[in-house]
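Now for the letters of each chain:
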Amino acid sequence: MSSLPDALRPWASQLSLFPEDLALSLGAHVARLAAAIGPMRARNEVVGGELQGYDGLTRRGSPERLLISEWLMAMEAPDEFVRRAAFGEQAYLKPAFRQPQGGRRAVALLDAGPDQLGAPRIAHLALLVVLARRAEAAGVGFSWGVLQAPPRKVPFTTVDAASIRQWLRAGSVAPPTGEQFAAWREALELGHAPDDVWLVGGSRLSRLPGADGLSRVAVEEVVAPGDRRLTVEVRPASRPSREVLLELPPAPQCVRLLRDPFATAVATPVLDTRASTVRFIRFSGDGLRLLFAYGDGSVAAQALPQSPRATTPKPKRFQPPRGETVVAMGWRRNGGLLTVTRDDSTLCVHGALQGNSSGRAVRLPLPDEARSLQLPRAGEPPLLVMSVVSQGKEVPVLLDGAGRLLRCAWYAERPSLVSMYEGCSSVIEHRGTLLGVGRSTSLQASGPLRVWCHAPSSVGWSHLLEFEGDGVAYFGTTKDSGHADPGPPLVMRQRPGTWRLLLNARGSGYRVSVPSAMRVVGLFSGPTGAERPGLVALGSDERSLYLVTGYSEPDLLLTAPARVVTAAVSHSQPLLAWLTEKGQVGAWSSQYRDFVYHSTPGGTP
């Protein structure tokens, strides 16, 4: 940690456990809390132990420690000598004694109850660093533990990666009880000589039986819209209390501090042996799952872990019936995998549709491809299929290869495909609402571009864009989408190398220039560490992926192990996925700046 500022040097040993960015964020809290708590006082003034000389002057003592100047006064002014002795004004040498340090210790007991989970634990982590260093500077031992945990085992005596990981997993749904505190007092023998005992948690700790006379730290999260701060009140047993207001680090750093502060957890590679090599990947319409198309014609939907150390679930797979080919795939939050296959004469929608009483797959007559539907050719990726619920009935929606958004309609109980929008370059789904960039519902693909919201259960909206573009567009992270919502962030290409970034779908936006050697693959508007949304672009080496914001140099996010053939960005999670020419699939989280999913091929196309 040579890059730590001078103000944090005293805690360099403890802060070196963390990556540099987390050490700097946590170190700012450590310095302020250390000033509020103060150092431990040395016990070299206590009578007893081994004499180690003299330390200053005192008004009391035996005659042999009386200063020579006092004996001189006895000879020259005996009356004054007697008066000073009577009124306790004489000066004596003050003895100093060496105390056995092994008998001293500092103790911290932390509350892991419901009101201390989340952000307050960041203050707890900073306090552990402060108290550990404080005890080390005083030459005493340090013990700490969690109040809700049984004290059967020896408490922690160091603040290291292993003990912190155990502490992070020790959350409890119940506040600490008097019985638990009494068990810790007995196990640590706090009743004999509690030199320096700290209770860390909420204000309720002061009401525990036996807490009187102990030092306490009360941590509370400030509850106010948009306010990300902690109030920490330090209440030493022998000094006045002090209050410290801590600004929380950026949200991605808070998540890392509470889940994986040492950046050692990595996604375990998944060996995919039950299917051939992945040929194409894309995120589902709701951005929550990664869709795979395999070389053997099957497809799958993979739920991605939310952190590098989370368990990777098994994907949901679909193998088309004999004689049929998958032409579209998608995922529904309440309905699972949705696929569309074709044979010589029909299209077939596989997946139980809400409101379909028969429960059988829906078959549609195959229309004239040249006029109303462009299906993928051999070797091309499957189309995107989604669904909306209208009047209690689930309606499949298909985005074909020509950018036409078509919905399934029933006329006289006979299903068919009806055009909704033309020239759609990006369509997403969020909570039953479709958002997209396209043209009017007419069959003329040269009309003005619009950002539209299709809400079957309410009134949608359509916004005419105020600039020209070629239609290539990507949505960013969506929040609450509806007819009154201005829409999510959006980026659209005006011409090669020049993009228009809108902070919401109805805004005017600003220009972002992208180097000509880079290829834009999506928009990151979630936690990235950047001040505003940025474009994700593939570099000229076709392996490196960058974040381009337009106001600084491109920031390298990751480098894939081989040439990237497909890359995609989720519009609902801070996730970036890629597929290499060797069939390797990875999903990278901007929150952790690490992989949450990684698979290796199990066969050949």
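Keep in mind that what you see is a predicted model, and the values were worked out from it rather than measured. (Residues numbered from 1 in each chain as written. Predicted model: local features only at pLDDT ≥ 70, side-chain atom pairs only at ≥ 80, totals over all residues. Heavy atoms only, no water.)

Asker: Help me understand the overall build of the protein chain in this model?
Answerer: Secondary structure summary: the protein chain contains 9 helices and 37 strands in total. By the burial criterion, 48% of the 605 residues in the protein chain qualify as buried. Nonlocal contacts in the protein chain, meaning residues at least 24 apart in sequence, comprise 49% of its contacts between residues at least 6 apart. Looking at the protein chain as shown, the accessible area adds up to about 28,800 Å², and 51% of this sits on carbon and sulfur atoms. (Helix = DSSP H or I, 4+ residues; strand = E, 2+ residues; numbered from the N terminus. Buried < 20%, exposed > 50% of the residue type's maximum accessible area, 1.4 Å probe, protein only. Contact = heavy atoms within 4.5 Å. Areas by Shrake-Rupley, 256 points an atom, 1.4 Å probe, with all protein chains shown as cover.)

Asker: Honestly, the packing of aromatic side chains in this entry has me stumped. Any pointers?
Answerer: Here the distance between the centres and the angle between the planes together describe a pair of aromatic rings. Going through the model one piece at a time under the given rule, you end up with 8 aromatic pairs. Judged by centre distance (3.9 Å) and plane angle (0°), the ring pair of Tyr 421 and Trp 452 falls under stacked. Taken together, the residues span a long stretch of sequence, with Tyr 421 in strand E21 (residues 414-421) and Trp 452 in strand E24 (residues 450-454) at a distance of 31 residues. Judged by its relative accessible area of 15%, Tyr 421 is buried. Within the aromatic cluster, the residues linked to one another by ring pairs are Phe 292, Tyr 294 and Tyr 597. Arg 121 extends its terminal NZ or CZ atom over the ring of Trp 167, reaching a point 4.5 Å from the ring centre. (Phe/Tyr/Trp six-rings, centres within 6.5 Å; stacked < 30°, edge-to-face > 60°. Lys NZ or Arg CZ within 6 Å of the ring centre and 35° of its normal.)

Asker: Before we go on, may I ask you to explain the sheet that holds strand E32 (residues 544-548) in this structure?
Answerer: Sheet strands associate in pairs through backbone hydrogen bonding, adopting either a parallel or an antiparallel arrangement. The strand order E30-E31-E32-E33 describes an open sheet built from 4 strands, whose pairing is antiparallel. Two strands bound the open sheet, and with one partner strand each, they are strand E30 (519-524) and strand E33 (555-559). In this sheet, neighbouring strand axes are inclined to one another by 25° on average, regardless of whether the strands run parallel or antiparallel. Of the strand pairs in this sheet, E32 and E33 are connected by 4 bridges, and their pairing is antiparallel. Residue Tyr 546 lies in a different strand from E33, and its bridge partner there is Leu 556. (Pairing = 2+ DSSP bridges. Axes fitted to C-alpha atoms, helices over the stretch in contact; angles between N-to-C directions.)

Asker: Could you clarify how one ought to interpret the nonpolar core in this entry?
Answerer: Nonpolar side chains tend to gather and get buried jointly when the protein is soluble and globular. The biggest cluster of nonpolar side chains holds 51 residues, and the ones touching the most others in it are Leu 15 and Phe 142. If you look at the next biggest cluster of nonpolar residues, it comprises 29 residues, including Val 349, Met 386, Leu 406 and Trp 452. (Core = buried A, V, L, I, M, F, W, Y, C linked by side-chain atoms within 4.5 Å.)

Asker: So what exactly am I meant to see when it comes to the sheet that holds strand E11 (residues 289-294) here?
Answerer: Read from one edge of the open sheet, 4 strands run E10-E11-E12-E13, paired in antiparallel fashion. With partners counted over all chains shown, the strands left at the sheet margins are strand E10 (278-283) and strand E13 (316-318), one partner each. Mean inter-strand twist for the sheet, computed between neighbouring axes without regard to direction, equals 20°. As defined by bridge partners, strand E12 (residues 299-303) adjoins E13 across 3 bridges and the pair is classed as antiparallel. Across the sheet, residue Val 299 finds its bridge partner in E13, namely Phe 318.

Asker: I tried to follow the confidence of the model for the protein chain on my own but got confused; where do I start?
Answerer: As a note on interpretation, predicted positions should not be read in detail where pLDDT is low. When the pLDDT values of the protein chain are averaged, the result is 82; 86% of them are 70 or greater. Mean pLDDT across the elements of the protein chain ranges from a minimum in helix H9 (residues 369-372), with 52, to a maximum in strand E34 (residues 564-569), with 94. Residue range residues 44-48 is modelled with pLDDT below 50. Its contacts to residues more than four positions away, or to other chains, number 10 contacts. (pLDDT = per-residue confidence, 0-100.)

Asker: What am I meant to see in helix H7 (residues 178-188) here?
Answerer: Since there are 3.6 residues in each turn of an α-helix, residues three or four apart along the chain are aligned in direction. If you check which residues of H7 are buried, you get Phe 181, Trp 184 and Leu 188. With its buried residues spanning 60° around the axis, H7 presents them on a single face. Turned more than 90 degrees away from the buried face of H7 sit Glu 179 and Glu 186, all of them exposed. Against strand E3 (105-110), strand E4 (141-146) and strand E5 (196-201) lie the buried residues of H7. Of the residues trailing H7, Glu 189 is marked for its positive phi of about 55°. (Arc of directions from axis to C-beta.)

Asker: Explain the pairing of strand E7 (residues 229-235) to me, please; I cannot follow it from the model alone.
Answerer: Consecutive side chains of a regular strand alternate in pointing toward one face of the sheet and then the other. In terms of strand pairing, strand E6 (residues 215-221) meets E7 through 6 bridges, oriented antiparallel. Across the sheet, the residue bridging to Val 217 is Val 234, located in E7. Sheet topology places E7 next to strand E8 (residues 242-247); 6 bridges connect them, and they run antiparallel. Each residue of the ladder has a partner; that of Leu 230, found in E8, is Leu 246. Between E7 and E8, which pair antiparallel and follow one another directly, the connecting turn spans 6 residues.

Asker: It is not clear to me how the pattern of salt bridges should be interpreted in this structure. Could you clarify?
Answerer: It is possible for side chains bearing opposite charge to pair when their charged atoms get close. Enumeration according to the criterion identifies 17 salt bridges in this entry. Linking Arg 84 and Glu 70 is a salt bridge whose minimum nitrogen-to-oxygen distance equals 2.8 Å. Here Glu 70 lies in helix H3 (residues 68-76) and Arg 84 lies in helix H4 (residues 78-86), a separation of 14 residues in the sequence. Residue Glu 233 is joined to Arg 235 by a salt bridge in which the shortest nitrogen-to-oxygen separation is 2.8 Å. A relative accessible area of 23% means that Arg 235 is categorised as partly exposed. Here the residues in one salt-bridge network are Glu 80, Arg 83 and Glu 89, joined through shared partners. (Salt bridge = Lys/Arg side-chain N within 4 Å of Asp/Glu carboxyl O.)

Asker: Can you walk me through the packing of helix H5 (residues 120-138) against helix H6 (residues 161-168) in this structure?
Answerer: Where H5 meets H6, the axes come as close as 12 Å, and the angle between the chain directions of the two elements is 155°. Viewed along their axes, H5 and H6 adopt a mutual orientation that is roughly antiparallel. In this structure, H5 crosses over H6, and the sense of that crossing is right-handed. Here Arg 121, His 124 and Leu 125 of H5 come into contact with H6, specifically with Ile 164, Trp 167 and Leu 168. Grouping the constituent residues of the contact of H5 with H6 by class yields 4 nonpolar, 1 polar and 1 charged. (Parallel < 35°, antiparallel > 145°, perpendicular 65-115°, else oblique. Left-handed = near helix turned anticlockwise from the far one by under 90°. Nonpolar A, V, L, I, M, F, W, Y, C, P; charged D, E, K, R; others polar.)

Asker: I'm lost on the environment of Arg 363 in this one. Help?
Answerer: Following the sequence through the fold, Arg 363 ends up in strand E17 (residues 362-365). Its relative accessible area of 41% is what places Arg 363 among the partly exposed residues. With 16 residues separating them in the primary sequence, Arg 363 and Leu 347 have C-alpha atoms 5.6 Å apart. The contacts of Arg 363, once residues within four sequence positions are left out, are Glu 324, Asp 343, Thr 346, Leu 347, Cys 348 and Pro 415. A polar contact is formed between the side chain of Arg 363 and the side chain of Glu 324, at a distance of 2.8 Å. Among the polar contacts made by the side chain of Arg 363, one reaches the side chain of Thr 346 at a distance of 3.1 Å. (Polar contact = N/O pair within 3.5 Å; in protein donor to acceptor, adjacent residues only side chain to side chain.)

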